[in-house]
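Examining the three-dimensional arrangement
Here is how the chains run, residue by residue.
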Amino acid sequence: MSGERPARPRRAWLAAAAAASALIATVFATVGDGVEVPTASGVRAVVIDAGHTLVWMLLALAFLSAAVRGRWGRLSQVLALAAGGLYLLFLSAVFLWP
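Attention here is on the structure that accompanies the text. Just so it is clear, the structure is predicted and the values come from calculations on it, not from any experiment. (Residues numbered from 1 in each chain as written. Predicted model: local features only at pLDDT ≥ 70, side-chain atom pairs only at ≥ 80, totals over all residues. Heavy atoms only, no water.)

This part takes up the overall build of the chain. The helix and strand tally for the chain stands at three helices and zero strands. Listing the helices and strands of the chain from first to last along the sequence gives α-α-α. For 98 residues, the compact-globule formula gives about 13 Å, and the C-alpha radius of gyration of the chain, at 16 Å, lies well above that figure. C-alpha atoms of the chain, sized along the principal axes, occupy 60 × 25 × 15 Å. (Helix = DSSP H or I, 4+ residues; strand = E, 2+ residues; numbered from the N terminus. Rg over C-alpha atoms; globule rule 2.2 N^0.38 Å.)

Moving on: the packing of aromatic side chains. The final tally for this structure, using the stated rule, is two aromatic pairs. Ring geometry for Tyr87 and Phe90: centres 6.1 Å apart, planes at 25°, overall stacked. Of this pair, Tyr87 and Phe90 both sit in helix H3 (residues 74–95), three residues apart, roughly one helical turn. The partly exposed category is assigned to Tyr87, whose relative accessible area is 35%. Classification of Phe90 by relative accessible area gives buried; the value is 2%. (Phe/Tyr/Trp six-rings, centres within 6.5 Å; stacked < 30°, edge-to-face > 60°. Buried < 20%, exposed > 50% of the residue type's maximum accessible area, 1.4 Å probe, protein only.)

With that settled, the discussion passes to a nonpolar patch on the surface. A cluster of nonpolar side chains, namely Leu23, Val27 and Val31, defines an oily patch on the protein surface of about 300 Å² accessible area. By the secondary structure assignment, Val31 is in the loop between helix H1 (7–30) and helix H2 (42–69). On the basis of relative accessibility, which here comes to 70%, the residue Val31 falls in the exposed class. (Patch = residues over 30% accessible without salt bridge, like charges linked within 9 Å, V, L, I, M, F, W, Y side chains within 5 Å. Areas by Shrake-Rupley, 256 points an atom, 1.4 Å probe, with all protein chains shown as cover. Salt bridge = Lys/Arg side-chain N within 4 Å of Asp/Glu carboxyl O.)

Formed by Val37, Ala40, Ala45, Val47, Ile48, Phe90, Ala93 and Val94, the largest nonpolar core amounts to eight residues. Going through the elements one at a time, H2 and H3 are the ones with two or more residues in this core. Apart from residues no more than four positions distant in its own chain, Val37 is found in contact with Arg44, Ile48 and Val94. (Core = buried A, V, L, I, M, F, W, Y, C linked by side-chain atoms within 4.5 Å. Contact = heavy atoms within 4.5 Å.)

Attention now moves to H2. In an α-helix, one turn spans 3.6 residues, which is why side chains three or four residues apart end up on the same side. With 28 residues, H2 should reach 40 Å at 1.5 Å per residue; the first-to-last C-alpha distance of 39 Å fits that figure. Of the residues one or two after H2, Gly70 is the one with positive phi, at around 85°. (Expected span 1.5 Å × (residues − 1).)

Structure follows, in structure tokens:
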């Protein structure tokens, strides 16, 4: 054993992160995220209304994928990067779009 951590505790942490992310996504989808931009319309309004929820859904899927494998794999990395990219789009829609 070359200093590698056991998979079971890692899986438990990743599964907990997946559950927490899914819970946040559920709250944002049902109650809302508290972000309101009354002047937004069109694509900007869609990104603002759904973006935050989709970010947390992607994170939940990334953590779930990693928990199933017991480590970060290609799929979990792609999902996490997609969540990060969508979050940047969401932030730009809230703060930068005219």
